[in-house]
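Observations on chain architecture
Here are the chains, one letter per residue:
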Amino acid sequence: MNSPISPSDSTRSIHLVNGPNLNLLGEREAHIYGSTSLDEIVAELQREADARGFHLTAFQSNSEGEIVNSIQQAQHRSAFLLINAGAYTHTSIAIRDALLAVSLPFIEVHLSNVYARENFRHKSILADVAIGQISGFGPYSYTLALYAAVRHLESSEESL
């Protein structure tokens, strides 16, 4: 069993950012997004992170500016970002610029397979600066992204 991680240990801290309408998961378009709520997804991710000796913080907002603020605040508190920017994935230069400004590695996450949906969802303005993109596995997309983040951070620790 891993020892508890202090939230102040930023090298083992992962910050999850969720964008607009993700607060409605479990209620909204279940045929696309499933019936699992965002709170349930976050609780599962926190269990998975804890089991691996990592601390997870989570944030959700429908406001672009609040998302930018959360990304900037994570700069000195976290070593990695997971982000589901929702519709801002396709439109927000401000979120892209914030991700570039903090220089934290990040993975873009989506519940649905964005490439099997409307054409406007096929273009992400975050993907080319992300370590990777995981989509189409429902809530498990988040779990896969967490596993990849943990592996990335552990590989970085080993190379020190």
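Parameters at a glance
- Residues numbered from 1 in each chain as written.
- Predicted model: local features only at pLDDT ≥ 70, side-chain atom pairs only at ≥ 80, totals over all residues.
- Heavy atoms only, no water.
- Core = buried A, V, L, I, M, F, W, Y, C linked by side-chain atoms within 4.5 Å.
- Buried < 20%, exposed > 50% of the residue type's maximum accessible area, 1.4 Å probe, protein only.
- Helix = DSSP H or I, 4+ residues; strand = E, 2+ residues; numbered from the N terminus.
- Contact = heavy atoms within 4.5 Å.
- pLDDT = per-residue confidence, 0-100.
- Salt bridge = Lys/Arg side-chain N within 4 Å of Asp/Glu carboxyl O.
- Arc of directions from axis to C-beta.
- Expected span 1.5 Å × (residues − 1).
- Pairing = 2+ DSSP bridges.
- Axes fitted to C-alpha atoms, helices over the stretch in contact; angles between N-to-C directions.
- Right-handed = clockwise from strand over helix to strand, strands pointing away.
- Phe/Tyr/Trp six-rings, centres within 6.5 Å; stacked < 30°, edge-to-face > 60°.
- Lys NZ or Arg CZ within 6 Å of the ring centre and 35° of its normal.

Considering the nonpolar core
Ile-14, Leu-82 and Tyr-142 are the most contacted members of the largest nonpolar core, which totals 24 residues. Only β1 (13-18), α2 (38-51), β3 (80-84), β4 (106-110) and α5 (140-158) provide two or more residues apiece to this core. Here this core gets six residues from one element, more than from any other, and that element is α5. For Tyr-142, the residues in contact, after removing those within four places along its chain, are Leu-16, Asn-18, Leu-22, Leu-38, Ile-41, Leu-45, Asn-84, Val-109 and Leu-111. Core analysis: the next-biggest nonpolar cluster, separate from the first, contains 18 residues, Ile-71, Ala-74, Ile-95 and Ile-125 among them.

Description of the confidence of the model for the chain
When pLDDT is averaged along the chain, the result is 89; 84% of the residues meet or exceed 70. pLDDT under 50 marks residues 1-7. Its contacts with residues more than four places away, or in other chains, come to 10 contacts.

Details of the pattern of salt bridges
Per the stated rule, a full pass over the model turns up three salt bridges. As a salt-bridge pair, Arg-47 and Glu-44 come within 2.9 Å of each other at their nearest N and O atoms. One end of the pair, Arg-47, and the other, Glu-44, are both in helix α2, three residues apart, so they sit about a helical turn from each other. In this structure, Arg-52 and Glu-48 form a salt bridge, with 2.7 Å as the shortest nitrogen-oxygen distance.

Some details on helix α3 (residues 64-74)
Here α3 has its buried residues at Ile-67, Val-68, Ser-70, Ile-71 and Ala-74. Down the axis of α3, the buried side of the element spans an arc of 160°, and every buried residue falls inside it. The inward-facing, buried residues of α3 contact β1, β2 (55-60), β3 and α4 (93-102).

Details of α2
Compared with the 20 Å implied by 1.5 Å per residue over 14 residues, the 20 Å span of α2 between its first and last C-alpha is a close match. Residue Gly-53 follows α2 closely and has a positive phi angle near 80°.

Focus on the sheet that holds β1
An order of β2-β1-β3-β4-β5 is seen for the five strands of this open sheet, with the pairing classed as parallel. The two strands at the open ends of the sheet, each matched to only one other strand, are β2 and β5 (132-135). Averaged over all pairs of adjacent strands, the angle between strand axes in this sheet comes to 20°, irrespective of strand direction. As paired strands, β3 and β4 are joined by three bridges and run parallel to one another. Looking across to β4, one finds that Ile-83 is bridged to Glu-108. Across the sheet, α3 is in contact with β1, β2 and β3; its angle to β1 comes to roughly 175°.

Comments concerning the pairing of β3
Among the five residues in β3, five count as buried, and that is most of the element. Here β3 shows no split at all, with Phe-80, Leu-82 and Asn-84 on one side and Leu-81 and Ile-83 on the other all buried. In this sheet, β3 lies alongside β1 in parallel orientation, the contact comprising five bridges. Paired with His-15 across the strands is Leu-81, a residue of β3. The parallel pair β3 and β4, bridged by α4, forms a crossover whose chirality is right-handed.

A look at the packing of aromatic side chains
Scanning the entire structure with this criterion turns up zero aromatic pairs. Sitting over the face of the ring of Phe-54, Arg-12 holds its NZ or CZ atom 4.0 Å from the ring centroid.

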